[in-house]
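Architecture and fold: a report
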Amino acid sequence: MFVNPKNPHAELWDGPRTGTEGVKEMFGADEAYDNSRFKSFLHEALTAKHLFVDKPNGFPSLLSNEYGKELITTGLKMKTIKPLSTLIQQLRLIKSDYEIELMKESGKISSKAFVESMRWTQPGYSEAQLWAKLEYECRMRGSSMLAYVPVVASGPNALSMHYVRNDMRMEDGQLVLVDAGGEYNGYASDITRTWPVNGTFTEPQRELYQVVLNVNKACIKLCTEASNLSLNDVHHESVKYMKQELQNIGFGTNTWELERTLYPHHVGHYLGLDVHDVYDMTRAKKLRKNMVVTIEPGLYVPFDDRFPKHYQGIGIRIEDNVVIGASEPYVLTANAPKEIIDIEHLCTDK
Ligand code: GLY
Ligand code: MN
Ligand code: MN
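To keep things clear, this report deals only with the structure shown in the data block. Since this is a predicted model, take the numbers as computed values, not measurements. (Residues numbered from 1 in each chain as written. Chains lettered and ligands numbered in written order. Predicted model: local features only at pLDDT ≥ 70, side-chain atom pairs only at ≥ 80, totals over all residues. Heavy atoms only, no water.)

In this section: the coordination of the manganese ion (ligand 3). Asp190 (OD), His269 (NE2), Glu296 (OE) and Glu319 (OE) make up the full set of protein donors to the manganese ion (ligand 3), lying at 2.0 to 2.2 Å. Because the angles between the six donor atoms bound to the manganese ion (ligand 3) fall within 51 to 156°, the donor set is best described as irregular. Of note, the donors binding the manganese ion (ligand 3) are all from one chain and are spaced D-x78-H-x26-E-x22-E. (Donors = N, O, S within 2.8 Å, 3.2 Å for Na, K, Ca; no water. Tetrahedral: all angles 85-135°; square planar, octahedral: opposite > 155°, others 65-115°.)

In structure tokens, the structure reads:
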């Protein structure tokens, strides 16, 4: 590892540095050197047969900097260059038992923060206050920060998938959709719950909510190695479930309209150190034990008279974090209520 060396003057202003000895002790580096030695090290490295290079922005940017020019002039073309990120991402895809323990704690912290935030919500409070409440509850339980900028979307704001203004007043009769999660020891949670601002669902809200909940639960059941499915396969199943559930409440729709307008996003993604973890890993991989994924079906009915009037303006998503088991899924976010009866009980129990 190449790191900034210890430097009392710099540390006086910016705080302690780990230094070369520290990284060996704390991070298990076999060898550790001062950053300034990197350039001469590179010359030595070029005598190796293979070179693993992480290139998040592609080779052109790598080669355009000072070290890159060194690489070219010293005969890079003779070497086999292999990407490092592919190897790292494969390691990150399957979690160790210890990582799962950390993710359990991360899920528990965020779930409890949702419980407190649901109980606290009432008409007249703002989305910004709800954001603050959620972040406070996460941090007070040991989260270092929220894992991403949350979506706190009341009423029709929930129709915009990436609504992050979070600055409106929450009104009586509306739902509020909250997509948020804390980070614990580097591991993200990614939860969405949707609940009534005044504590009680209206009939149309209740009907659509139950549809999304049924799909959420049916998809979670598929999160096992035994099901032999990929995340893409689970998504296809989720579309079929959604269509059937909507039909059951008399809301007929076709697959095109469903996937383009009403449920336009994927059912889930891998989760871990990043919210959208292992970013360029295909979702066509079969689910294997100790992968962690999100399951997050949603329904968003625009103000468009192709759709039933009483459902227009309603946006609902229910997102859980799930560890793939051999034959049983393990839900990391089970403590965040999602059954209608539990939500209504919690939200009216001030
Ligand atoms: N919070 C981002 C996502 O659900 O994918
Ligand atoms: Mn989310
Ligand atoms: Mn997600």
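Next up on the list: a nonpolar patch on the surface. A contiguous nonpolar surface patch, about 360 Å² in accessible area, is contributed by Met1, Met26 and Phe27. The residue Met1 is located in the segment before β1 (2-3) in this model. Owing to a relative accessible area of 44%, Met1 belongs among the partly exposed residues under this scheme. (Patch = residues over 30% accessible without salt bridge, like charges linked within 9 Å, V, L, I, M, F, W, Y side chains within 5 Å. Areas by Shrake-Rupley, 256 points an atom, 1.4 Å probe, with all protein chains shown as cover. Salt bridge = Lys/Arg side-chain N within 4 Å of Asp/Glu carboxyl O. Helix = DSSP H or I, 4+ residues; strand = E, 2+ residues; numbered from the N terminus. Buried < 20%, exposed > 50% of the residue type's maximum accessible area, 1.4 Å probe, protein only.)

To continue, consider the site of ligand 1. Around ligand 1, the surrounding shell consists of Tyr148, Asp179, Asp190, His269, His276, Glu296 and Glu319. Between ligand 1 and the protein, one listed contact pairs a nitrogen atom with a side-chain N or O atom of Asp190 at 3.0 Å. Measuring from an oxygen atom of ligand 1, one finds a side-chain N or O atom of His269 at 3.0 Å. Protein contact buries 82% of the 200 Å² of open area that ligand 1 shows by itself. Placement of ligand 1 is best described as lying within the largest pocket. Broken down by class, the residue content of the shell around ligand 1 amounts to one nonpolar, two polar and four charged. (Near = heavy atom within 4 Å. Polar contact = N/O pair within 3.5 Å; in protein donor to acceptor, adjacent residues only side chain to side chain. 1 Å grid on protein atoms, 1.4 Å probe; cavity = no way out; pocket = protein on both sides within 12 Å on 5 of 7 lines; lining within 4 Å. Sits in = over half its atoms within 2 Å of the grid points. Nonpolar A, V, L, I, M, F, W, Y, C, P; charged D, E, K, R; others polar.)

Our next topic: the side chain of Arg317. Within the secondary structure, Arg317 sits in strand β13 (residues 315-317). Taking relative accessible area as the criterion, Arg317 reaches 4% and is therefore assigned buried. Side chain to side chain, Arg317 and Thr192 meet in a polar contact 3.5 Å long. Side chain to side chain, Arg317 and Tyr300 meet in a polar contact 2.8 Å long.

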